[in-house]
Amino acid sequence: MTPIQSELFALQDKKYRDFHAGLLPTVPKETIIGIRKPAIRGYARKLAGTPEAASFMRTLPHEYFDENDLHGMLINEIKDYLDAVAALDAFLPYVDNWATCDLLKPVCFAKNREKLLPCVTRWLGDAHPYTVRFAIEMLMTHYLREDFSPEYPAWVAAVESDHYYIRMMQAWYFATALAFRYEEILPYLTEDRLSPWVRQKTIQKAVESFRVPPEHKAELKALRR
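The text that follows walks through the structure, step by step, so that each part is easy to find. Just so we're clear, the structure is a prediction, and the values are computed from it rather than from any experiment.

### Observations regarding the side chain of Thr-100
Turning to step 1, where the next piece is worked out: Structurally, Thr-100 can be placed in helix H7 (residues 98-103).
Turning to step 2, where the next piece is worked out: Contacts of Thr-100, omitting those with residues within four sequence positions, involve Phe-65, Asn-68, Asp-69, Phe-91 and Val-95.

If you want it as structure tokens, here you go:
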């Protein structure tokens, strides 16, 4: 066992492992140590920037799900934009579940949104499903407010995939976009610009969202099939 693995097992919560395993159908339970996110995030902040962290991030693939979580949280701590992109390009091919994918939120991206767009388009066209999911999440996180452009939802709608976790992220994107850009996004539902599955899941998630006002929820319910 490596020193970092020893540190991770010291943070183990077996009851949390058993619960969390039920949420991760694509991850073998025996690879889950079971560490609550605040604990692993605290360890990542302690480890970030050290030679041990650099060595750990060069050693791929990891053995445990929680090592992937730690790796993702170390990427989130990277301050330099180009370094963060390089770290993501090295790590994304090894991401094999929605939870690790969705915790990837590099802090430096918020101040580099213009530079980030070419990377987002590149990731959208990747063959690896969780790289595509990550790209859609970046569009949802950084480009639905002041930096919105009508071409961005068109990019998301153009993604064709039968992969469950890509389609779920497409639905999550459009449900969130309805909260911020209702009039611009509604035609994607009324004009059938989405696949039937993504369309229905978008409506479901928007109706369940606390960010969508009641009058919009009523209109969306009427669009159900």
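Read on, since the account is not over.
### Some remarks on the pattern of salt bridges
Turning to step 1, where the next piece is worked out: Applying the stated criterion to the full structure yields 13 salt bridges.
Turning to step 2, where the next piece is worked out: Note that Asp-102 is salt-bridged to Arg-133, the shortest N-O span being 2.7 Å. Taken together, the residues Asp-102 in helix H7 and Arg-133 in helix H9 (residues 129-142) connect sequence positions 31 residues apart. Both residues of the pair, Asp-102 and Arg-133, belong to the buried class.
Turning to step 3, where the next piece is worked out: Glu-184 is the salt-bridge partner of Arg-181, the closest N and O atoms lying 3.8 Å from each other.
Turning to step 4, where the next piece is worked out: Given the relative accessible area of 21%, Arg-181 is considered partly exposed.

### Some thoughts on the packing of aromatic side chains
Turning to step 1, where the next piece is worked out: Summed over the entire model, instances satisfying the criterion amount to eleven aromatic pairs.
Turning to step 2, where the next piece is worked out: Here Tyr-164 and Trp-197 contribute two aromatic rings whose centre-to-centre distance is 5.9 Å and whose plane-to-plane angle is 70 degrees, an arrangement assigned as edge-to-face. Linking Tyr-164 in helix H11 (residues 164-180) with Trp-197 in helix H14 (residues 196-208), this pair joins segments that are 33 residues apart in sequence.
Turning to step 3, where the next piece is worked out: Trp-197 sits in the partly exposed class, given a relative accessible area of 28%.

### Some details on helix H8 (residues 113-124)
Turning to step 1, where the next piece is worked out: The end-to-end C-alpha distance of H8 is 16 Å, a good match for the 16 Å that twelve residues give at a rise of 1.5 Å each.
Turning to step 2, where the next piece is worked out: All of the buried residues in H8 are Leu-116, Leu-117, Cys-119, Val-120, Trp-123 and Leu-124.
Turning to step 3, where the next piece is worked out: Each element contacted by the buried residues of H8 is listed here: helix H6 (81-91), H9 and helix H10 (151-158).

### Quick look at unusual backbone geometry
Turning to step 1, where the next piece is worked out: Here the bond from Leu-60 into Pro-61 is cis, since omega is 0 degrees, no more than 30 degrees from zero.
Turning to step 2, where the next piece is worked out: Of note, Pro-61 is situated in the loop between helix H4 (51-58) and helix H5 (65-76).

### What about the environment of Ser-195?
Turning to step 1, where the next piece is worked out: Its place among the elements puts Ser-195 in the loop between helix H13 (187-190) and H14.
Turning to step 2, where the next piece is worked out: Placed 72 residues apart in sequence, Ser-195 and Trp-123 show a C-alpha to C-alpha distance of 21 Å.

### Some thoughts on the environment of Phe-9
Turning to step 1, where the next piece is worked out: Relative to the helices and strands, Phe-9 is located in helix H1 (residues 3-9).
Turning to step 2, where the next piece is worked out: A residue is classified by how much of its surface remains accessible, and Phe-9, at 27% relative accessible area, is partly exposed.

### Brief notes about the nonpolar core
Turning to step 1, where the next piece is worked out: Counting residues in each nonpolar core, the largest one holds 72 residues, and the members touching the most others are Leu-70, Phe-109, Trp-123, Phe-134, Leu-139, Tyr-173 and Leu-220.
Turning to step 2, where the next piece is worked out: Take this core: its biggest share by element is nine residues, from H11.
Turning to step 3, where the next piece is worked out: Excluding residues within four positions of it along the chain, Phe-134 makes contact with Leu-88, Leu-92, Cys-101, Leu-104, Phe-109 and Trp-123.
Turning to step 4, where the next piece is worked out: Ranked by size, the runner-up nonpolar core spans six residues in total, among them Ala-21, Leu-24, Phe-65 and Ala-99.

### Side note on the side chain of Lys-201
Turning to step 1, where the next piece is worked out: Within the element layout of this structure, Lys-201 appears in helix H14.
Turning to step 2, where the next piece is worked out: In this structure Lys-201 is buried but unpaired, with Glu-208 as the nearest side chain of opposite charge at 7.4 Å.
Turning to step 3, where the next piece is worked out: If we ignore the near neighbours within four places in the chain, the residues touching Lys-201 are Met-168 and Ala-171.

Rules of the game
- Residues numbered from 1 in each chain as written.
- Predicted model: local features only at pLDDT ≥ 70, side-chain atom pairs only at ≥ 80, totals over all residues.
- Heavy atoms only, no water.
- Helix = DSSP H or I, 4+ residues; strand = E, 2+ residues; numbered from the N terminus.
- Contact = heavy atoms within 4.5 Å.
- Salt bridge = Lys/Arg side-chain N within 4 Å of Asp/Glu carboxyl O.
- Buried < 20%, exposed > 50% of the residue type's maximum accessible area, 1.4 Å probe, protein only.
- Phe/Tyr/Trp six-rings, centres within 6.5 Å; stacked < 30°, edge-to-face > 60°.
- Expected span 1.5 Å × (residues − 1).
- Core = buried A, V, L, I, M, F, W, Y, C linked by side-chain atoms within 4.5 Å.
- Lys, Arg positive; Asp, Glu negative; His and termini not counted.

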